[in-house]
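For reference, the chains in residue letters:
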Amino acid sequence: MAGEDVKLYGTWRSPYSRRVEIALKLKGVQHKYYEEDLTNKSPSLLKYNPVHKKIPVLVHGEKVISESHVILEYIDETWKGYDILPKDPCEKAKARFWARFIDEKCLPALKKALASMAEERDKAVEEACELLQLLENELKHKKYFGGDCIGLVDIVANFISHWLKVLQEVVGVELLTIKKFPKLCEWSENFACHHAVKECLPPKDKLLAWFHSHYGSATTSK
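Model, not experiment: these values are computed from the prediction. (Residues numbered from 1 in each chain as written. Predicted model: local features only at pLDDT ≥ 70, side-chain atom pairs only at ≥ 80, totals over all residues. Heavy atoms only, no water.)

A. Local environment of the overall build of the chain. Within the chain, the regular secondary structure consists of ten helices and four strands. Relative to the compact-globule value of 17 Å for 222 residues, the chain shows a C-alpha radius of gyration of 18 Å, a close match. Overall, the chain is about 55 × 45 × 30 Å in size when its C-alpha atoms are taken along their principal axes. Within the chain, the proportion of its 222 residues that are buried is 50%. A fraction of 70% describes how many contacts in the chain between residues 6 or more apart in sequence connect residues 24 or more apart. A total of about 11,600 Å² of accessible surface is found on the chain, and carbon and sulfur atoms cover 53% of it. Considering the chain, the positive charge centre built from 34 side chains and the negative charge centre built from 32 side chains are found 1 Å apart. (Helix = DSSP H or I, 4+ residues; strand = E, 2+ residues; numbered from the N terminus. Rg over C-alpha atoms; globule rule 2.2 N^0.38 Å. Buried < 20%, exposed > 50% of the residue type's maximum accessible area, 1.4 Å probe, protein only. Contact = heavy atoms within 4.5 Å. Areas by Shrake-Rupley, 256 points an atom, 1.4 Å probe, with all protein chains shown as cover. Lys, Arg positive; Asp, Glu negative; His and termini not counted. Charge placed at Lys NZ, Arg CZ, Asp CG, Glu CD.)

This is the structure in structure tokens:
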């Protein structure tokens, strides 16, 4: 089963697509990548994900898996050699909790803070920073959320490590700073410099150019 062809449908600027690429890289899984134009979705994407019509989609032989969290767990259970999720049931449950916290609480709050108009921004930034503080506290003295090795929570937090920094620069909002969140910033550097991760992150200059062209004037400055 693990020897079957693997295909990934995604887009270069999506942190959700890049999550899957990171997991495949950590596992050493060879795959073929298909870049999707989300303004003109391919017949293959619509065929493989007819419900949500979104990326990422992983195709493993005849099996089709969508939604990044689901794909990450599928990858972890299908290919051995590197543990994305802990083996211990309690630790595994904790990792799932924090991964869900990031997607359901942190990312919406961060995006709101970055997209808010000037009169609403201070409150949105405060709310987002309160959530980042919880992640700062959870890191404790660990190198990664997963301990000494990158795990599920680290992969799901990839937006905070890479995309958030770029968007802060574009919009002119300070959220993740060394002064506010020293542990989270240190984690961010460790994560982005990991050999399996840095090969999967979109180039900063390309991401900056794309966000400037799409969102640079979408909000008003303070």
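B. A look at the side chain of histidine 194. Looking at the element boundaries, histidine 194 is found in the loop between helix 8 (182–193) and helix 9 (195–198). Setting aside residues up to four positions removed in sequence, histidine 194 forms contacts with Leu26, Tyr144 and Ile150.

C. How the structure looks around the pattern of salt bridges. Counted according to the given criterion, the structure contains 13 salt bridges. A salt bridge links lysine 25 to glutamate 199; its shortest N-O distance comes to 2.6 Å. Taken together, the residues lysine 25 in helix 1 (residues 15–27) and glutamate 199 in the loop between helix 9 and helix 10 (204–215) connect sequence positions 174 residues apart. Looking at lysine 25, the relative accessible area reads 40%, which means it is partly exposed. For the salt bridge of glutamate 138 with lysine 140, the shortest nitrogen-to-oxygen distance reads 3.6 Å. Taking relative accessible area as the criterion, glutamate 138 reaches 17% and is therefore assigned buried. Take lysine 140: its relative accessible area is 46%, and that puts it in the partly exposed class. Through salt bridges with shared partners, a single ionic network connects Glu138, Lys140 and Lys142. (Salt bridge = Lys/Arg side-chain N within 4 Å of Asp/Glu carboxyl O.)

D. Up close: unusual backbone geometry. That bond from isoleucine 55 to proline 56 is cis: its omega, 5°, falls within 30 degrees of zero. Along the chain, proline 56 falls in the loop between helix 2 (43–48) and strand 3 (57–60). Its identity is not glycine, yet glutamate 67 carries a phi of approximately 75°, on the positive side. Here glutamate 67 lies in the loop between strand 4 (63–66) and helix 3 (68–78). By relative accessible area, glutamate 67 is classed as partly exposed at 39%. At lysine 140, a residue that is not glycine, the phi angle is positive and equals roughly 55°.

E. Molecular detail of the pairing of strand 1 (residues 6–10). Of all five residues in strand 1, four are buried; the element is thus mostly enclosed. Pairing of strand 1 with strand 2 (residues 32–35) involves four bridges; the strand directions are parallel. When the sheet's bridge partners are listed, leucine 8 is paired in strand 2 with tyrosine 33. (Pairing = 2+ DSSP bridges.)

F. Examining the sheet that holds strand 1 more closely. Across the sheet, four strands lie side by side as 2-1-3-4; this open sheet has mixed pairing. In this open sheet, the two edge strands, each paired with only one partner strand, are strand 2 and strand 4. Each strand axis lies, on average, 20° off the axis of its neighbour in the sheet, ignoring direction. Helix 1 rests against strand 1, strand 2 and strand 3 of the sheet, and its axis sits at about 155° to strand 1. Across the face of the sheet, helix 3 comes into contact with strand 3 and strand 4 while running at roughly 135° to strand 4. (Axes fitted to C-alpha atoms, helices over the stretch in contact; angles between N-to-C directions.)

The values are spatial; any link to function lies outside them.
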